[in-house]
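What follows is the residue order along each chain.
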Amino acid sequence: MPEQDETKKWEDAVLSITQGEAIKVKKLRKQVLITLQMDEDDKAAKEIFKETVQRLEEAGQISLDSEGNVTLTEKSKKRKSKEEKKSKKNKKAKTTESDEGVEDQADEIDTSAESKDKNKPCPGNPQGVTRLFLGNLPFAVDEALLGEFFKNKVTHIKWITDKETGKFYGSAFIEMADSRAAAEAVALAGEKMLGRPVKINFAPAREGDVWPPEKKVITGGPTASTGNSGDGTKQKREMSAKPENCVKLFIGNLSYDINDEGITKFFANVDAEVRSVRWLHHKDSGDFKGCGYVEFWSPEACDKAATLNGKNLLGRPIRIDWTD
């Protein structure tokens, strides 16, 4: 069984994700493990999750029906409401302290004013958390779309991908400009992005985690193949040496919605007629790897197609390279 701090961390993750509609216990477990940045196949983590759900159910904070649906109980909702009221009351009490006391506090805050101001508790975010978990994202999501959705208040993005295949899971961790921006973002939970209701939860970094990351965008997400400059602008990857009379290209960083017709129309924009397409799939699962090979009728057509390297296709900058 986890230590007291760990226990609270697990319980908070479960209760946070269980807000709103009922959720299947397996789906809840997956989201909790992702939120806590743990391996979904970790047996020990699965056991802790099971113990946490049982403990919360026994405490009457959640209910688990025979079909495996987990919901937040009225008792838990009332408790949460009471905690929020208590937090507001404490905040109000602090504002009535003497001027001298306020000045003393101000002197202490000045030692790390920027950090404390960023993580200052606010309505809807009593802990002042600025790190969020996003789930159920459309696979065509990119930095620009997130920026538009969150009113350009996202400062860092960590796309969550499969460690072995690099496949995007449709989830990410983001850092917001400040606690108020984070609260506004969480309030958007359930709003649709490209037709998909986005899951948004507070996800405080664990002790020892390097967060926010040094780079603005990390970990093989939808824009990873193009790289990122220090100012957050995208950079297309340089192509390798071109083989003589080349008529074939490697194409990568593709949307999982791409098909033969889509790629043919894409290259038709520069009058590059496609002769054949070969998509790459994982041997074991058969899942699409997000890349493949395209053959053209002539070296001239291949040259034209190569000029589209880094261009947007279904919301993702395509990676193109010469190949034999």
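Refer to the preceding data block for the structure.
Here goes a summary of the coordinates provided. Please read all numbers here as calculations on a predicted model, not as lab measurements.

A closer look at the overall build of the chain
Regarding its fold elements, the chain presents 10 helices and 16 strands. Within the span of the chain, comprising 324 residues, buried residues form 38% of the whole. In the chain, the share of contacts with a sequence separation of at least 24, taken over all contacts with a separation of at least 6, comes to 66%. Accessible area for the chain stands at about 19100 Å²; split by element, carbon and sulfur atoms hold 47% of it.

Here's the deal with the packing of aromatic side chains
What the rule picks out here adds up to seven aromatic pairs. Arranged with centres 5.0 Å apart and planes meeting at 85°, the rings of F149 and F150 form a pair that is edge-to-face. Residues F149 and F150 agree in their burial class; the two are buried. Grouping aromatic residues by their ring pairs yields a cluster made of Y256, W279 and F288. When the ring centre of F173 is taken as reference, the NZ or CZ atom of R131 above it lies at 4.1 Å. One Lys or Arg, R131, reaches over the ring of W211 and ends 4.7 Å from the middle of that ring.

Quick look at the pattern of salt bridges
One pass over the structure, following the stated rule, counts six salt bridges. Measuring nitrogen to oxygen at the nearest pair gives 2.8 Å for the salt bridge that ties R55 to E11. Of this pair, R55 sits in helix α3 (residues 43-58) while E11 sits in helix α1 (residues 4-17), and the two are 44 residues apart along the sequence. Per residue, the accessibility class of R55 equals that of E11, and both read buried. Between K242 and D303 there is a salt bridge, with its nearest N and O atoms 2.6 Å apart.

Considerations on the nonpolar core
Within the largest apolar cluster, 23 residues are counted, with the highest numbers of intra-cluster contacts made by L249, I251, L254, I263, F267, F296 and I318. Counting only elements with at least two residues in this core, the list comes to β11 (248-252), α9 (260-268), β12 (274-281), β13 (288-296), α10 (299-306) and β16 (319-323). Counting residues per element, this core draws most heavily on α10, at four residues. Residues in contact with F296, not counting those within four places in the same chain, are V247, L249, F267, A272, E273, V274, R275, A301, C302 and A305. Counting 21 residues, the second-largest nonpolar core is a separate cluster that includes L137, F150, F168 and A172.

Comments concerning α9
The set of residues buried in α9 consists of I263, F266 and F267. Mapping the buried residues of α9 onto a view down its axis gives an arc of 90°, with all of them on the same face. Buried residues in α9 make contact with β11, β12, β13, α10, β14 (312-313) and β16. In this structure N259 caps α9, since a side-chain oxygen of it lies 3.3 Å from the backbone nitrogen of E261.

Some words on the sheet that holds strand β2 (residues 62-64)
What the three strands build is an open sheet, ordered β1-β3-β2; its pairing is antiparallel. Each edge of the open sheet carries a strand with a single partner, namely β1 (23-24) and β2.

Considering the pairing of β13
Bridge count for β11 against β13 is four bridges, and the pairing is antiparallel. When the bridges of β13 are listed, F250 appears paired with Y293. Relative to β13, β12 runs antiparallel, the two being bridged by six bridges. Along β13, the bridge assignment pairs S276 with E295. What sits between the antiparallel neighbours β12 and β13 is a turn of six residues, in which G286 has the positive phi angle 80°.

Notes on the sheet that holds strand β9 (residues 199-202)
Here we have five strands laid out as an open sheet, ordered β9-β4-β6-β5-β10, and mixed in their pairing. If you trace the sheet from one side to the other, it starts and ends with β9 and β10 (217-218), each paired once. Looking at chain direction, strand β5 (residues 154-161) and β10 are connected through two bridges and run parallel. Residue pairing for β10: I157 is matched across the bridge by V217. Across the sheet, helix α8 (residues 179-186) touches β4 (131-135), β6 (168-176) and β9, and the angle it forms with β9 is around 145°.

Each value, and the rule that gives it
- Residues numbered from 1 in each chain as written.
- Predicted model: local features only at pLDDT ≥ 70, side-chain atom pairs only at ≥ 80, totals over all residues.
- Heavy atoms only, no water.
- Helix = DSSP H or I, 4+ residues; strand = E, 2+ residues; numbered from the N terminus.
- Buried < 20%, exposed > 50% of the residue type's maximum accessible area, 1.4 Å probe, protein only.
- Contact = heavy atoms within 4.5 Å.
- Areas by Shrake-Rupley, 256 points an atom, 1.4 Å probe, with all protein chains shown as cover.
- Phe/Tyr/Trp six-rings, centres within 6.5 Å; stacked < 30°, edge-to-face > 60°.
- Lys NZ or Arg CZ within 6 Å of the ring centre and 35° of its normal.
- Salt bridge = Lys/Arg side-chain N within 4 Å of Asp/Glu carboxyl O.
- Core = buried A, V, L, I, M, F, W, Y, C linked by side-chain atoms within 4.5 Å.
- Arc of directions from axis to C-beta.
- Polar contact = N/O pair within 3.5 Å; in protein donor to acceptor, adjacent residues only side chain to side chain.
- Pairing = 2+ DSSP bridges.
- Axes fitted to C-alpha atoms, helices over the stretch in contact; angles between N-to-C directions.

Keep in mind that these numbers describe shape and distance, not what the molecule does.
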